[in-house]
Protein chains: 2
Amino acid sequence: MELQELNATEQKILSAAKDVFVEKGFDGARMQEIANKAGINKALMHYYFRSKDNLFNAIFKEAFYQFIPKLGENFKSDKPLMVKIEQFVVDYIELIKAKPHIPLFVLHELTRNQDFEEKMLIDNDNIPVNDWMESVIKAIEREEIIPVDPKHLLVNMVSMCVFPFIGQPILNVLIFNNDRSAFNDFVEERKVHIVEFIRNSITTKPKS
Amino acid sequence: MELQELNATEQKILSAAKDVFVEKGFDGARMQEIANKAGINKALMHYYFRSKDNLFNAIFKEAFYQFIPKLGENFKSDKPLMVKIEQFVVDYIELIKAKPHIPLFVLHELTRNQDFEEKMLIDNDNIPVNDWMESVIKAIEREEIIPVDPKHLLVNMVSMCVFPFIGQPILNVLIFNNDRSAFNDFVEERKVHIVEFIRNSITTKPKS
DNA sequence: GTCTATAAGTAGATAGAC
DNA sequence: GTCTATCTACTTATAGAC
């Protein structure tokens, strides 16, 4: 989306579209439901956005970059690695807590639409994985942490933050006996737990 | 599904249905495509399975229990916890490698269909989370591992095994530059890496 | 059991009045 | 810009011949 002005109607449509697409997925979403939720009719949606595909693309890019955290500023800094990891884990869990359905939605749609790579045109500059790699290697050289593969460490960290939200329906049944507040408490605990779990695994300091 | 006899046609339909539903999801799947893939026509599908919903339910339960690993035999044993963890990680990654699209499919459909709990009638006996909990607590008492919340440890372990497959399209772009064999190597490495990562974090032995 | 033909309903999209 | 009414295509499902 360009940085053009959006009138109130367009904004209402986009907001409703995002709600419905995220909840139902592209295939399950109905233009009629989006129109109803936006308080207008279908014809007006097609006036602003020519097709369902167009409308979807308009909301997906934003959802995608909501899911891909901006590691940039954090990892380019010169703080100790564990400080950066703690900041990432806390911020990322907080982010997903606010929009818990975004990760599953994004990943499902990416799998559905194989040629997304061209569409999304992910610019690796915006998502500086290389900064993360260097950051870990430096920490190893400084002997802040023991030798560890930066890619696996990154995937471990992200997995442990995101997966509970994607697997929530199963966790709710198998672990929390459908007690919704128990799940929320659990996620809150993870901000501390994940950092400690990683720290115990990779830091050179003796354990307490 | 009961353990009744299934004729060849039914099996062809079920097999085709599973392929299409898992690839496209319920909303994206078309009965016509399933019929084509099974080498029959739509009418015959409706003769055996009354509706799309019926056909879906027939394949979903199997997919679900393919995704939920049977921890039973493993965790009821009296082996050291790290031995059990290693066995779980290796077996589970091998399982998902064989059917890499099952996890995202199952989780997406569970989210789509809120009342699945009644439908699936998950019997907690088959999925003995309690055995895992006791197993961890025993290991803490024996001082094989340091004190750690069994629930978080379970979620950590499962997350690190499953998430790479769910997030594969993103990992492929951000980390592996679309080199598919690099992803496969990465997953293979994780069988060892995850176990070591957990061992370093929770065992009482000094690090090497 | 297996097929062809078709019914009934719904989806996305457009025409055209205001 | 916003609406009502409608078109066209597609989807699930069924009727009925063999």
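It should be noted that the structure appears before, not after, this text.
A few points on the structure. Residue numbering note: each chain is counted from 1, following its sequence as written. Chains and ligands are labelled sequentially in the order written, the chains with letters from A and the ligands with numbers from 1. Per-residue local features of the predicted model are confined to residues with pLDDT of at least 70, and side-chain atom pairs are confined, for both listing and counting, to 80 or more; whole-chain, interface and lining totals are unaffected and use all residues. Calculated side-chain values reflect all of the structure's heavy atoms, with hydrogen atoms and water omitted.

### Things to note about the side chain of Asp131(B)
Move 1: Positionally, Asp131(B) belongs in helix H9 (residues 129-141).
Move 2: Throughout, exposure labels follow a simple rule: accessible area from a 1.4 Å probe, protein chains only, divided by the maximum for the residue type, with under 20% read as buried, over 50% as exposed, and the rest as partly exposed. According to the relative accessible area criterion, Asp131(B) is buried, its value standing at 18%. Runs of E in the DSSP output that reach at least two residues are strands. Runs of H or I that reach at least four are helices, and both are numbered from the N terminus.

### Some words on the relation of the copies chain A and chain B
Move 1: When the copies are overlaid, the least-squares fit takes in C-alpha atoms only where the residue has pLDDT of at least 70 in both copies. Superposition of chain A onto chain B requires a rotation of 180° combined with a translation of 0.0 Å along the rotation axis, giving an RMSD of 0.0 Å. In symmetry terms, the pair is related by a two-fold rotation axis. For chain A, the minimum C-alpha distance to the rotation axis belongs to Ser201(A) and amounts to 1.9 Å.
Move 2: The residues that chain A uses at the interface reappear at the interface of chain B in 100% of cases, marking a shared surface. Every residue pair with non-hydrogen atoms within 4.5 Å of one another is taken to be in contact.

### What about the protein's contact with DNA strand C?
Move 1: The local shell around DNA strand C holds 15 residues, among which Met31(A), Lys52(A), Asn41(B), Ala43(B) and Tyr48(B) are the closest.
Move 2: Here DNA strand C approaches the protein such that, of its atoms within 4 Å, sugar and phosphate make up 64%.
Move 3: N or O atoms closer than or at 3.5 Å make up a polar contact, with two conditions inside protein: a donor-capable atom paired with an acceptor-capable one, and, for residues adjacent in sequence, both atoms drawn from side chains. Lys42(A) has a polar side-chain atom sitting 3.3 Å from a base nitrogen of DNA strand C.
Move 4: His46(A) is positioned such that a nitrogen or oxygen atom in its side chain is 3.2 Å from a phosphate oxygen of DNA strand C. The nearness test applies per residue and asks whether one of its heavy atoms lies within 4 Å of the molecule or strand.

### Brief notes about the pattern of salt bridges
Side-chain pairs of opposite charge can arise where the charged atoms are in close proximity.
Move 1: The term salt bridge refers to a side-chain nitrogen of Lys or Arg lying within 4 Å of a carboxyl oxygen of Asp or Glu. Under the counting rule described, the total for this entry stands at 20 salt bridges over all chains.
Move 2: Salt-bridge contacts for Arg112(A) lead to Glu109(A); the nearest nitrogen and oxygen are separated by 2.6 Å. With Arg112(A) and Glu109(A) both in helix H7 (residues 102-112), this residue pair falls 3 residues apart, about one helical turn.
Move 3: Under the relative-accessibility criterion, Arg112(A) is labelled partly exposed at 29%.
Move 4: The buried category is assigned to Glu109(A), whose relative accessible area is 2%.
Move 5: Close ionic contact of Arg199(B) with Glu196(B) constitutes a salt bridge, the shortest N to O distance being 3.1 Å. With a gap of 3 residues between them, Arg199(B) and Glu196(B) both fall in helix H12 (residues 180-202), about one helical turn apart.
Move 6: Taking the relative accessible area as the measure of exposure, Arg199(B) reaches 24% and is therefore partly exposed.
Move 7: Judged by its relative accessible area of 35%, Glu196(B) is partly exposed.
Move 8: Because the salt bridges share partners, they merge into one network encompassing Glu94(A), Lys97(A), Glu188(A) and Lys191(A).

### With respect to the packing of aromatic side chains
Move 1: When two rings of Phe, Tyr or Trp (its six-membered ring) have centres within 6.5 Å they constitute a pair, described as stacked for plane angles under 30 degrees, edge-to-face for angles over 60, and tilted for the intermediate range. Evaluation of the coordinates by the stated rule reveals 31 aromatic pairs over all chains.
Move 2: When the ring of Phe56(B) is compared with that of Phe105(B), the centres are 6.1 Å apart and the planes differ by 65°; the resulting orientation is edge-to-face. Taken together, the residues span a long stretch of sequence, with Phe56(B) in helix H4 (residues 52-67) and Phe105(B) in helix H7 (residues 102-112) at a distance of 49 residues. Just as Phe56(B) is buried, Phe105(B) falls in that class too.
Move 3: Taking the centre distance of 4.8 Å and the plane angle of 75° together, the rings of Phe75(B) and Trp132(B) count as edge-to-face. Separated by 57 residues along the polypeptide, Phe75(B) in helix H5 (residues 72-76) and Trp132(B) in helix H9 bring together distant segments of the chain.
Move 4: Taking relative accessible area as the criterion, Trp132(B) reaches 0% and is therefore assigned buried.
Move 5: These aromatic residues form a ring-pair network of at least three members: Phe21(A), Phe26(A), Phe56(A), Phe60(A), Phe64(A), Tyr65(A) and Phe105(A).
Move 6: The ring of Phe56(A) carries the charged tip of Arg112(A) above its face, separated from the ring centre by 5.6 Å. Only when the NZ of Lys or the CZ of Arg is both within 6 Å of the ring centre and within 35 degrees of the ring normal is a charge said to sit over the ring.

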